[in-house]
Structure formats: structure tokens, C-alpha cells
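Chain by chain, the residues:
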Amino acid sequence: NAGVTQTPKFRVLKTGQSMTLLCAQDMNHEYMYWYRQDPGMGLRLIHYSVGEGTTAKGEVPDGYNVSRLKKQNFLLGLESAAPSQTSVYFCASLSPTWTGLAESTDTQYFGPGTRLTVL
Amino acid sequence: SQQGEEDPQALSIQEGENATMNCSYKTSINNLQWYRQNSGRGLVHLILIRSNEREKHSGRLRVTLDTSKKSSSLLITASRAADTASYFCATALSSNTGKLIFGQGTTLQVKP
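For the structure given in this document, a descriptive report is provided here. (Residues numbered from 1 in each chain as written. Chains lettered and ligands numbered in written order. Predicted model: local features only at pLDDT ≥ 70, side-chain atom pairs only at ≥ 80, totals over all residues. Heavy atoms only, no water.)

1. Notes on the layout of surface pockets
Argument step 1. Roughly 540 Å³ of volume is contained in the largest pocket.
Argument step 2. Around the largest pocket, the lining is made up of 27 residues, and of these Gln 37 and Arg 115 of chain A together with Gln 37, Gly 40 and Arg 41 of chain B lie nearest the centre.
Argument step 3. Put simply, the parts of the chain that give the lining of the largest pocket at least two residues each are strand S9 (87–94) and strand S13 (114–118) of chain A together with strand S1 (5–7) and strand S9 (85–93) of chain B.
Argument step 4. When residues of the lining of the largest pocket are assigned to their parent elements, the largest contribution, 3 residues, is made by S9 of chain B. (1 Å grid on protein atoms, 1.4 Å probe; cavity = no way out; pocket = protein on both sides within 12 Å on 5 of 7 lines; lining within 4 Å. Points joined across faces, edges and corners; volume = space filled by probe spheres on them. Helix = DSSP H or I, 4+ residues; strand = E, 2+ residues; numbered from the N terminus.)

Below, the structure written as C-alpha cells:
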């Protein structure tokens, strides 16, 4: 299994350009997440999805859009890139487990990251 | 604002010594997780402790959780140079979405 893969690994954009980051997972996970990591900081959640066809906003959603048309893929789009979006982007996936009566969410599996620079 | 605050921000020790990192959080949680990130790489899950657990062990890792103080600690015993990395705590709030809120991390350097 490849696990979680991200495309591309690196990208340089000019302000105002658009692009799409692709996250793919082959573990049949229900939930997927997009984070950004800025220097010296932890990860901040941008958007997430708890199933095919569903998406929700995270902590820092402005300037980004997402789509989950297929269970294995989660796309992150930047419609008009800004220098403030220079960051490393990580995708993650998770498969919730059932513990007795309740659904339990456990560990996330991360991709290797996409380093994006916006000039 | 960040849910998790980690302390110290940086830690440098000699191989063979123990390393302790602390994490504090603000709201009630479902579980708390620790992840490791090697330079330029993605995060790797280390250990998860649920809100009804107080201590957990995995190999050279020991995690404690004090929900009354809203804090956790990660102890790495007998550290190795390969343990050099950044370590992040992440809290899963009382929800079923799996969302994690990460701390800012502790950078650990283990000198050979």
C-alpha cells in the first residue's frame, strides 16, 4: 500500500494564480483532512471531509476550497494564490472505529507534504 | 488560537538520557495524541491516550494524561540520535469528526 500520497511535492506560484493539490489514499479511509504548517508552528486544519461528497471548514478555511468526489481522493484548491498561503500542506486520512456503542476516531495517517511558495 | 501549548519549545540532550515534553490544552478532549515529524517529512503517529486513561506505554515512550490539569507529558527513555525530530501533541475534541488541534511542537535534538 502506498498509504497517503500528495501531488505535487513542490510548487511555486505567482500571486493570483490558481492550483489544485491532490491527496490520494489507498486505505479505504472514510475521513480526510487538509492542514497547513507554517515555520515553527504546528499544523492548522483547513478543511476536512467525513465521507465522499461531504466537506466541512476547519480552523483556517479562507482562500481555499475542497472537493471529495471520490472516497480515495481529497482535492485542495487555491483560486487566487496569495503570499500568505506560502506554506507546507499536509493531507491526512483516518478510518473511525466502533467501540461498543460509540464511534471512535483514532490516529491520522499523513502524507509527505507539498511545499508551496507564492511569490 | 492553538489548543495545545508545548513546553519546552526546544530540548537538547545527550544520547542515553531521557527526554520529557509537556503539553497543555484548554478544552475537554476525547483523546490526546503525540506525533513525530522528522525534518522535511510528514507526521508519524506515536501514541494515543484516551480521556479516561492516565498513563500509557509503548516501547521507550511513556505518556501521561491529567485531565484535571488539562496537561500531558511524553517521556522518551534512553534516547537515541535517531529520536532527533519535532514532537507534536494533538487533541481530539469531544466530537466524532476526528479533527485534531495541534500544539506548536517541541524540537528535540539528541547528540551522539
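Still more ground to cover, so stick around.
2. Details of the sheet that holds strand S7 (residues 65–67) of chain A
All names here are of chain A.
Argument step 1. Read from one edge of the open sheet, 4 strands run S1-S3-S8-S7, paired in antiparallel fashion. Here the strands that pair on one side only, and so sit at the sheet edges, are strand S1 (4–7) and S7. Strand-to-strand, the axes of this sheet are offset by a mean angle of 20°, without reference to chain direction.
Argument step 2. Strand direction decides the pairing type here: S1 and strand S3 (residues 19–25), joined by 4 bridges, are antiparallel. (Pairing = 2+ DSSP bridges. Axes fitted to C-alpha atoms, helices over the stretch in contact; angles between N-to-C directions.)

3. Side note on the sheet that holds S1 of chain B
All names here are of chain B.
Argument step 1. Read from one edge of the open sheet, 5 strands run S1-S3-S8-S7-S6, paired in antiparallel fashion. In this open sheet, the two edge strands, each paired with only one partner strand, are S1 and strand S6 (55–58). Averaged over all pairs of adjacent strands, the angle between their axes in this sheet comes to 15°, without regard to strand direction.
Argument step 2. As judged from the 6 bridges shared by strand S7 (residues 61–66) and strand S8 (residues 71–76), these two strands associate in the antiparallel manner. Opposite Leu 61, over in S8, you have Ile 76 as the bridge partner.

4. Considerations on the interface of chain B and chain A
A common way to state how big an interface is: give the accessible area lost once the parts meet.
Argument step 1. Listed by partner, the interface residues are 23 residues for chain B and 24 residues for chain A.
Argument step 2. Between chain B and chain A, the buried area comes to about 1,800 Å², and carbon and sulfur atoms account for 50% of it.
Argument step 3. In this structure, the connection of chain B to chain A is made through 0 salt bridges.
Argument step 4. Applying the counting rule to chain B against chain A returns 5 residue pairs in polar contact (both at pLDDT 80 or more).
Argument step 5. Contributing elements (two or more residues each) for the side of chain B that touches chain A: strand S4 (29–37), strand S5 (43–50) and strand S10 (100–102) of chain B.
Argument step 6. Residues that form the side of chain B that touches chain A fall into these classes: 6 nonpolar, 14 polar and 3 charged. (Contact = heavy atoms within 4.5 Å. Buried area = accessible area lost by both parts, 1.4 Å probe. Salt bridge = Lys/Arg side-chain N within 4 Å of Asp/Glu carboxyl O. Polar contact = N/O pair within 3.5 Å; in protein donor to acceptor, adjacent residues only side chain to side chain. Nonpolar A, V, L, I, M, F, W, Y, C, P; charged D, E, K, R; others polar.)

5. Structural notes on the nonpolar core
Residue and element names in this part refer to chain B.
Argument step 1. Residues Met 21, Leu 32, Trp 34, Leu 74, Ile 76, Tyr 87 and Leu 108 are the most contacted members of the largest nonpolar core, which totals 20 residues.
Argument step 2. Contributing elements (two or more residues each) for this core: strand S3 (19–24), S4, S5, S7, S8, S9 and strand S11 (106–111).
Argument step 3. Residues in contact with Tyr 87, not counting those within four places in the same chain, are Glu 6, Met 21, Tyr 35, Arg 36, Leu 46, Leu 74, Ile 76, Gly 105, Thr 106 and Leu 108. (Core = buried A, V, L, I, M, F, W, Y, C linked by side-chain atoms within 4.5 Å. Buried < 20%, exposed > 50% of the residue type's maximum accessible area, 1.4 Å probe, protein only.)

6. Thoughts on the pattern of salt bridges
Residues and elements named next belong to chain A.
Argument step 1. Under the definition given, this model contains 6 salt bridges over all chains.
Argument step 2. The shortest N-O distance in the salt bridge between Asp 38 and Arg 44 comes to 2.7 Å.
Argument step 3. Using a relative accessible area of 11% as the deciding quantity, one classes Asp 38 as buried.
Argument step 4. One network of salt bridges, in which partners are shared, links Arg 36, Asp 38 and Arg 44.

By themselves, these observations are geometric and do not establish any function.
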